[in-house]
Each structure stands twice: as structure tokens, then as C-alpha cells.
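Fold and contact review
So the chains spell out like this:
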Amino acid sequence: MTSARITAVLGPTNTGKTHYAIQRMLSHRTGIIGLPLRLLAREVYDRIVAVRGPGVVALITGEERIVPPRAAYWVCTVEAMPEGMGADFLAIDEIQLCAAPERGHVFTDRLLHARGLHETLFLGADTMRGAIAAMVPEAQFMYRDRMSQLTYTGSKKISRMPARAAIVGFSVENVYAIAELLRRTKGGAAVVMGALSPRTRNAQVEMYQNGDVDYLVATDAIGMGLNLDISHVAFSSLIKFDGHRMRHLQPQELAQIAGRAGRHIENGTFGVTGEAPPLDEEVAEAITEHQFAPVNKLHWRNSRLQFGSVKRLIATLEERTDDRWLTRVRESDDLKALKALSGDTEVAARASDGPSVKLLWEVCRVPDFRGISAGEHASLLTHIYNDLHQLGHVSANWFGLQVRRIDRVDGDIDTLSKRLAYIRTWTYVAQRNGWLRDENHWRDETRAVEDRLSDALHGALTQRFVDRRTSILLRRLKQKESLLADVNDKGEVTVEGEFVGRLEGFQFRMDKAGSPDEAKTLRQASVQALVPQFHLLADRFYNAPDPEIDFTEQGGLMWGDQAVGKLVAGSDPFKPGVAAFVDDEAGEDVAAKVQRRLQHFIDRKIAAGFEGLLALKNDETLTGAAKGFAYRMAEGFGIIPRGEVADEVKALDQDARGALRKHGVRFGQFTIFQPLLLKPAATRLRLVLWSLSKGLQEFPEAPPPGLVTVPAAKDAVPGFYAMSGYRAAGERAIRIDMLERLADMLRDKDSRGGFEANPDMLSITGMTLEQFADLMAGLGYKAEKSEREKVKATPVATDDAPNAEAAPTHAEPPEVEPVADAEAAPAEEAAPEMEVFYTFTWGGRAARAARPQGDRPRGKPKGKPKGKGKPQGGGNKPQTFAAKPKREKQIDPDNPFAAALAGFKKD
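Thresholds applied
- Residues numbered from 1 in each chain as written.
- Predicted model: local features only at pLDDT ≥ 70, side-chain atom pairs only at ≥ 80, totals over all residues.
- Heavy atoms only, no water.
- Helix = DSSP H or I, 4+ residues; strand = E, 2+ residues; numbered from the N terminus.
- Buried < 20%, exposed > 50% of the residue type's maximum accessible area, 1.4 Å probe, protein only.
- Areas by Shrake-Rupley, 256 points an atom, 1.4 Å probe, with all protein chains shown as cover.
- Salt bridge = Lys/Arg side-chain N within 4 Å of Asp/Glu carboxyl O.
- Pairing = 2+ DSSP bridges.
- Axes fitted to C-alpha atoms, helices over the stretch in contact; angles between N-to-C directions.
- Contact = heavy atoms within 4.5 Å.
- Expected span 1.5 Å × (residues − 1).
- Phe/Tyr/Trp six-rings, centres within 6.5 Å; stacked < 30°, edge-to-face > 60°.
- Right-handed = clockwise from strand over helix to strand, strands pointing away.
- Core = buried A, V, L, I, M, F, W, Y, C linked by side-chain atoms within 4.5 Å.
- Parallel < 35°, antiparallel > 145°, perpendicular 65-115°, else oblique.
- Left-handed = near helix turned anticlockwise from the far one by under 90°.
- Nonpolar A, V, L, I, M, F, W, Y, C, P; charged D, E, K, R; others polar.
- Patch = residues over 30% accessible without salt bridge, like charges linked within 9 Å, V, L, I, M, F, W, Y side chains within 5 Å.
- Lys, Arg positive; Asp, Glu negative; His and termini not counted.
- Charge placed at Lys NZ, Arg CZ, Asp CG, Glu CD.

What follows deals with the overall build of the chain. Counting secondary structure elements, the chain contains 30 helices and 36 strands. Burial analysis of the chain (907 residues in total) assigns 49% to the buried set. By element, 50% of the accessible surface of the chain is carried by carbon and sulfur atoms, the whole surface being about 45,600 Å².

In this section: the pattern of salt bridges. Following the criterion strictly, the structure yields 46 salt bridges and no others. Note that Glu-64 and Arg-447 form a salt bridge whose closest N and O atoms lie 3.3 Å from each other. Linking Glu-64 in the loop between strand S3 (57-60) and strand S4 (65-66) with Arg-447 in helix H16 (residues 439-465), this pair joins segments that are 383 residues apart in sequence. Judged by its relative accessible area of 3%, Glu-64 is buried. Asp-334 is the partner of Arg-301 in a salt bridge, and the nearest nitrogen-oxygen pair spans 3.0 Å. With a gap of 33 residues between them, Arg-301 in the loop between strand S17 (298-300) and helix H9 (310-317) and Asp-334 in helix H10 (residues 333-342) connect regions that are remote in the sequence. Neither Arg-301 nor Asp-334 differs from the other in exposure class; each is buried.

Spatially, six strands are ordered S9-S16-S13-S10-S12-S11 in an open sheet, and the strand pairing comes out parallel. Edge positions in the open sheet fall to strand S9 (150-155) and strand S11 (190-192), since each of these has one partner strand only. Between one strand axis and the next, the sheet turns by 20° as a mean value, whatever way the strands run. Those strands touched by helix H8 (residues 281-289) are S9 and strand S16 (268-272), and its axis lies near 155° from that of S9.

Right, let's get into helix H6 (residues 198-209). In this model H6 runs 16 Å from its N-terminal to its C-terminal C-alpha over 12 residues, within 8% of the 16 Å that 1.5 Å per residue would give. Buried residues of H6: Pro-198, Thr-200, Arg-201, Ala-203, Gln-204, Val-205, Met-207 and Tyr-208, and no others. Its buried side turned inward, H6 meets helix H2 (38-52), strand S10 (165-168), S11, strand S12 (215-218), helix H15 (413-431) and H16. A positive backbone phi angle near 90° is found at Gly-211, which sits one or two residues after H6.

Moving on to the packing of aromatic side chains. Under the defined criterion, the tally for this structure stands at 18 aromatic pairs. Seen from their ring centres, Phe-772 and Phe-840 are 5.6 Å apart, and the 85° between their planes marks the pair as edge-to-face. Within this pair, whereas Phe-772 is found in helix H28 (residues 769-778), its partner Phe-840 is found in strand S34 (residues 834-842), the two being separated by 68 residues in sequence. In this pair, the class of Phe-772 matches that of Phe-840, namely buried. Ring plane angle 85° and centroid distance 5.0 Å describe the contact between Tyr-781 and Trp-842, whose orientation is recorded as edge-to-face. Highlighted residues: Tyr-781 in strand S33 (residues 781-789) and Trp-842 in strand S34, separated in sequence by 61 residues. In this structure Tyr-781 comes out as buried when scored by relative accessible area, which is 9%.

On to the side chain of Thr-671. Among the secondary structure elements, Thr-671 is positioned in strand S29 (residues 671-673). Relative accessible area serves as the criterion here: at 3%, Thr-671 is assigned to the buried category.

Let us look at the sheet that holds strand S25 (residues 562-568). Ordered in space as S23-S24-S25-S26, the four strands form an open sheet in which the pairing is antiparallel. Each end of this open sheet is capped by a strand with a single partner; those strands are strand S23 (549-551) and strand S26 (577-580). Averaged over all pairs of adjacent strands, the angle between strand axes in this sheet comes to 30°, irrespective of strand direction. In this sheet, S26 lies alongside S25 in antiparallel orientation, the contact comprising four bridges. Bridge pairing links Lys-566 to Ala-579 in S26. Sitting on the sheet, helix H19 (residues 588-609) is in contact with S23, strand S24 (556-559), S25 and S26, with an inclination near 145° to S26. With respect to the sheet, helix H24 (residues 680-694) is in contact with S23 and S25, its orientation differing from that of S23 by roughly 60°.

It is worth spelling out unusual backbone geometry at this point. A negative phi angle characterises most non-glycine residues, just as the trans form characterises most peptide bonds. In this structure, Arg-164 takes a positive phi of about 60° despite not being glycine. By secondary structure assignment, the location of Arg-164 is in the loop between S9 and S10. Judged by its relative accessible area of 15%, Arg-164 is buried. At His-290, a residue that is not glycine, the phi angle is positive and equals roughly 60°. The topology assignment puts His-290 in the loop between H8 and S17.

For a regular strand, the rule is simple: side chains alternate between the two faces of the sheet. Residues Phe-89 and Ala-91 line one face of strand S6 (residues 89-92) and the alternating positions Leu-90 and Ile-92 line the opposite face, and both faces are buried. Judged from the four bridges that link them, strand S2 (residues 31-35) and S6 form a sheet pairing that is parallel. Along S6, the bridge assignment pairs Gly-31 with Phe-89. Considered for its hand, the β-α-β crossover made up of S6, helix H3 (residues 104-113) and strand S7 (residues 119-124) is right-handed.

In this fold, Phe-122 is placed in strand S7. On a C-alpha basis, the gap between Phe-122 and Ala-139 in space is 9.2 Å, while along the polypeptide they are 17 residues apart. Those residues in contact with Phe-122 that lie beyond four places of it in its chain are Ile-6, Thr-7, Ala-8, Val-9, Leu-10, Ile-92, Ile-95, Arg-110, Leu-111, Ala-114 and Arg-115.

To continue, consider the nonpolar core. One broad rule of soluble globular proteins: the nonpolar side chains tend to lie buried together. In terms of nonpolar packing, the biggest core is built from 73 residues, with Phe-506, Phe-574, Phe-610 and Phe-629 touching the most fellow members. Here this core takes eight residues from helix H18 (residues 516-542), the largest share from any one element. Each residue touching Phe-610, except ones within four places of it in the same chain, is listed here: Phe-574, Phe-637, Leu-677, Ala-682, Leu-685, Arg-686 and Leu-689. Counting 63 residues, the second-largest nonpolar core is a separate cluster that includes Ala-189, Ala-378, Tyr-385 and Leu-461.

With respect to the element layout, Ala-592 can be found in helix H19. Along the sequence, Ala-592 and Ala-538 sit 54 residues apart, while their C-alpha atoms lie 9.5 Å from each other.

Contact geometry of helix H14 (residues 396-406) with H16 gives a least axis separation of 10 Å together with a crossing angle of 10°. Classified by the angle between their axes, H14 and H16 sit roughly parallel to one another. The way H14 lies across H16 gives a crossing that is left-handed. Counted together, Ala-396, Phe-399, Gly-400, Val-403 and Ile-406 of H14 and Trp-442, Glu-445, Thr-446, Val-449 and Leu-453 of H16 form the full contact between these two elements. Considering only residue class, the contact of H14 with H16 consists of seven nonpolar, two polar and one charged.

The subject of this paragraph is a negative patch on the surface. Together, Asp-280, Glu-281, Glu-282, Glu-285 and Glu-289 make up a region of like negative charge exposed at the surface. Checked against the element boundaries, Glu-289 lands in helix H8.

Next up on the list: the side chain of Thr-7. By the secondary structure assignment, Thr-7 is in strand S1 (residues 5-10). Once residues within four sequence positions are removed from consideration, Thr-7 is found in contact with Thr-120, Leu-121, Phe-122, Gln-140 and Met-142.

A large share of strand S5 (residues 73-77) lies buried, amounting to five of its five residues. Both faces of S5 are covered, namely the face carrying Tyr-73, Val-75 and Thr-77 and the face carrying Trp-74 and Cys-76. Across five bridges, S2 lies against S5 in parallel orientation. When the sheet's bridge partners are listed, Leu-35 is paired in S5 with Thr-77.

Structure representation (C-alpha cells):
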């Protein structure tokens, strides 16, 4: 029988040492491998299961125990490796951890005592060559070169970090801060920490490995053999807290982490970022050349324990060694717990024999996953020990209560992380053989709780530190794949299922981005995906019927509720141009198609709305003054105050007027217009065209349709009321067609002698008497206000009324006693009820001076008024006067002041 072979496989990172150990183990009938981290143990377990199946592979860690009946290959954390198994093969990974202050004594014990029946491998850094040669003289050495080069690139800002990079922090707060910054600038990052459960860690790593995010933020946990697709490692700090003090990382520690960059034959780089200073040249060179000071001391603790008493157990744990290669480990957490529990009176009384002391030591080795305080941890261990010693098992009721308190998935990242740390304690307890009566049930229960918390923590980490939208779009852009966009009926745009903004007409309104980099990604992905959508939308718009398109009172052009363009002034007021609202990225073809469709729409709208006016303007049969007046009408968009064209009207003979009237032109006393153009649709369009021709920045809006009068603004743009189909008079403006009806009513009134408003005048204007008086004043009349006794209506007798005797009209007054004073005054008569009335007269010379030159009436008053319109003969009705014009001079009915001219004579 040949002796067992012991080999130390040493070298830097990325040499394939772990892969070599797995191959060697699978070449044997049975094997066991110890790994430094629960996360790495799970990774190796999954790799072996993929090759040999789950029926022959076991996984044992502090919190996991998967042991199939026919287990042949055991994957464990170094602390959880079962002793005395007699496996054909045994390997210990990261053997250089013998020099670690906290856990080094466990690795040293495995180096000194753990052996396979046929083959033993120690895997780790070449710095362990001297120590292994001294402590295991029979060991052979195998050196493996790194398969790729590692290069130092100095300092980089996080915002300029290359893709596929890992940024290393040494505290939870630092990791979270970096991840948050990467979310804002790069779309997000995966987070890997030693405290994460394997399920959470794997979910985060998978998110990084499949390209959902390009960045990984991690603690130094990634330095222990985790195989990730990393091209660059950046240190955010060169100092860490080791559980006792803040200290600088040693070059070999930096190298262990930096070595994660570059996998297999791909070269990698490393550097610093954030507040970390640049590495010294000697340190950087040592990392790239893999040259470090050898390990000259291994941490050690006596493993030959004696359980005669608690005092004796503590003494053997604190035993010293004279070996120059070994140094006694500083007081560990389990020894601290043992000392704390031995001070408890009840615990001390129970730990009175060997089995009780051994049980106490097993309880004290429960890790302090919670990290609350040493006192809290000691109290928890005391309860567990007392239950085990008294009942033979931990109370199921108490244990279940602890688990149920943690089984909640609400809360933030810190809350979920704490619950996950707590459940690790109960998972560890459930994994101890014989500590619980129904241990299989509680193992499943604690694992289920851990899985739920792990999934919740992964979701919380992803939600906080990953902008899923940006990361997905970045990945698709890098892969140069065609992006799939969708636009719903609300205009919401999604690209690859992620909401990116809204499409308003042919303009893309991008969703709010958290940073310029995110905005750039969103814009790039959205535009690329929307180009086909723009073309489809343009085709649909071009074929849309005119009723789907409209213009606004500010000259905007709408397709439904979406702005797609605006009107701009053209060379002809009736031929405005169109500016289409189309993103440049949509392309020239789309912009041209939208512009053509809008131009067709507005041209047809103007042709239909101003059909009569355009026919008048383009009538080739009109000649002379009629032709000129037709152009004046077109310039005025179909409405001209008569005072502005008084001379041109006089120049029109009857034939010319007849020709113009055939086109619907009405020669009113105040305005010359085409009545069809007073309709609301024509008025709205006319105001827009007029505003464009005037170059107004803000277009005035048309008055609400159906109103006879509207308030007259003092600061209105000159010409606005005429274009609106109104004429300002006093405090209000009256619609011009109703003004002409009023003028017809005033035609036969005595404007010189005075007249009152009748109900018809008030009815067509919809005004009170006071408002009507103000309107008349605005039209050039004087309004004289007076009061008079109101005439009561005379009762009308009916056939059904009873006779006077049967029903007297007035009741007899009651009898009163005679007044003693014979000279008493008679009772006062009731005051008569008064009413206000106005007498209107033409304003004369002052009125003419206040009106436009063309509107001034000609002539002067004839005769003198009698009584100035005051009531005569004691009646309540005012006296009216009529001054008839001479018959030898016929008054032009088209004159705007025909009614006023009836009271004047020729100058």
C-alpha cells in the first residue's frame, strides 16, 4: 500500500487551483473539500452537483446541511468539516488563512491534522511555502502560474469606471453609498457581501453575470475564490476594520482581491477610486508580479481539549506552544462566551461533569451572527444550554416564537439584513444534531424563512441600487440588438417593456432621469426604438380625416389632443405657412409628410371658411372701384368699419354696389361686412389669420359665441373688436349685426329733439337701461338722465268681477276719535313712485369730433328744439320732436348716420 500523497498547490489568483482540486476529488471514490466561505462552498457544491448529481454530494456549513444517504463527496466550510470520516481525498482551500487573526487557528489545525486516505491538497498563496514545508515536511509543492496578466491603472472616478468592474468597500455604509452612486450614473450595481445568504448573493451575482448591470460593489468577500466575470477591480479604501481596530490592508490582501480581475485567459486591471490614495509603486509592482513577504507565523489554538471541568476546558483552550511557527490565537468569540456563561450560577451548577462541559462548549461555539452585544449573545446561549441540559432539547415553543418573530419580509434593506442575520442563528441551532426534537421540521422551517428573507433582501437591494430600465436598455444597446418599442393609446412609450416617456404627437417627451448618463441612455435607446414608430404614426396622420385635426386660437395645430405644429405668417394672409413639431430623430421624411398634411388641412380650412370672401377677391368680372373695394374687403378679412372707407363707399355707383352685394357684402350704417363671416368658426379663424398678419406674439381670443355684447377692454389690440365681429361702444362692445338692427330702429327716431329707448332696443342688446345709455354714448349720442312719476297700470274690469255693493273695491277706513286740537294738520299724502328714464339726442359737433373722419355726420341741426325734450302739459310722457328733412335732398340709405342726418341740413 502506497503512503498518502500530500501536495501544496500554490500560486496567485486565477490559476485554476480550486478547479484542479475538484477534478482530483472526483477522480477518487470519496472526497471532502473545506472552503473558507459559505458562499464559495455553495458555488463548489453546485458545480459538483452539475457533474455527478445531487444524490452523491453533501453540503455542510454552519447554516446548511444537505446530506443525501449515498453521499460520497462532501463540500464544507473549513469549520464545519466532519472529523474522522476517512475520505480518500481531502483538500483545504485558501490555506494562507492560517495567518488570519480570527479564524487562522481552524485552518492551522486542518493543516496539521486533516488528511485524506490517498491524497491531500492544500491550496493557497505561495507565501505559505516555507510554513507548509516546516509544518508538513512530507508535502510536495506544485506552483501554478496565473493564466492572465494583471495591470495597475491608477485612480479613476466612479463615474468613469469601465464596464464589468468590481468596486470594493470595507463597510456596509461604504458599499451602499457606492452602489447608490452607480445607480444614478451607470444604471445600477449588484451588491455582494459576506453577510448575505447564498440565495441573495447568487441572485445578485446572476444579475451581474447575465449583464443586467455592469458593476459589482462588494466587500473583500469576493477575494476568496468567487469566480466572477470581472475585468477591473477598484479599491474605494485601503483601510479596514478587522474586528478590533482600523488597519491598512497588506499587499497580499490587496492582491487576493485585485486578482479577481481577469478570468481564465482574459487580462485584468486594478486601481483605486473615491477617497483611496494611489497605491505606492512598490505595492502595485508586488501585486502585479505576485511577490509578497512569506508567512512566518500561523495562528494556533490547542485542539486537544479536556472536559473534566469548565476551568480545565478554559485552561486547555488557553494553552501555549513553543513552536516558532505557531502563535496563540487571541481570545476568540467562543472562548469569550464560555467565560461569560461559566459565570452564571445556574450554568456553572449544571456544567459539573464531562458531558455537561462538552455540551456547554458546543453551545458556546454558536456564532454571534446577530452582532448585538456580547451580553445579549451570552443570554441567548444560556437559555439554549439550560434547555438542552434540563429537557434534552431546545424548547420547541420558545424556538418557534423566535423564528416567527423574524418571519416578516416588510421593511428596508437594513431591517431585512438584521432579520437575515437573526435567522442564521436559528438555522445554525437547527443544524445541530439532537438539539431539537423535530429537527428536520425546524431545518426546513428555518431554511424557508431564510429563503423568504433572502428573496426580499435581493428585491430590496435591486430596487434601491438598480435602475432596471437603464440597465436593460444599456445591455440591449451594447448587444446592438433591435429595440422593441410600444406606444399605447395614452401615448406612453415602453422600450423592451420599460417605460421611457410619452409620445406627444411627433415629439418624444422622455421620462425624468436621475443623471445625465441615465438621460443619455434613455434618449439613445428611445430614439432608436421609436424610428419605426414615427414612420407608422406619420402614415396614420397623413391619412387622417380633417375632422381629427384642428387649430387653436393661438395658431397651434392639433391632432386630437396632441400638438403637431403651428401656423406661421406667409406672403399672403390667406396662405399661412406651417411649422411641424417633429423630433429631428424622426427623420426628414416624417417631418415632410407631417408638414404636407398640415398644409393641406389649413388650406382647405381657409378655403371653406372664407369661400365667399375669396370668391369676392378673385372675381375677375369686377372692375374699377368695385375691384378696389373687393381688395379692401379681403385686406379687412371681410369686415371694415364704415368710417375707414367712407370716401370709397361714396365712390361706388349703384352698379358697383350691386355687384358687391351679389357676393354677400352688406353696407351697414356702421360696418361693411359679409354676414356669413360672423359665424363663430369663421371668426375664430379670422382672428388667427389677422394675428399672424400683425405679427402678434399672443393672439387675442374670440368672445364666447352667442353673446350680443361683451365687456370692452381698454387695452385691446387696435382692430381686435372689428375682427371679432364687434364694435366697442362705451364700457361694452356690441356685435356688428345687432348694431345694424339697432341702427334700423333708430332710423325714424327724432335724434335732434330726443327720444327714449323702447323695449325692443333693450331686448336685442340684452342690456339694462343704464348699460344701454352707456352704449348709446359710445355711439355718439347724448344720454340725459331724468326722473318722473311712475304711471300705475289702470285696473281692467272683467265680466266675472262682483258688483261694488257686493264687494267694494276699497274697504272703509276705521273710525277714529276726533282730534282735540281743531287746527290739527291733515294726514300727509303718500309720496308718488318715481322712475328713471333717459332722453337720447345726437351728440352734435363734439360727437363728430370724437369719431373717425369717415364716420362724422355732415350737416347741422335744423331749427331749435321746443322745450329741450322735457314733458309738457302736465303729462307723464315726454314730448317728442320731429325735424323733417327737406324733400329736395334724398338721404343715402347706406349712410351710417342716416338717422342723424334726418335732423340736419346741408352745410
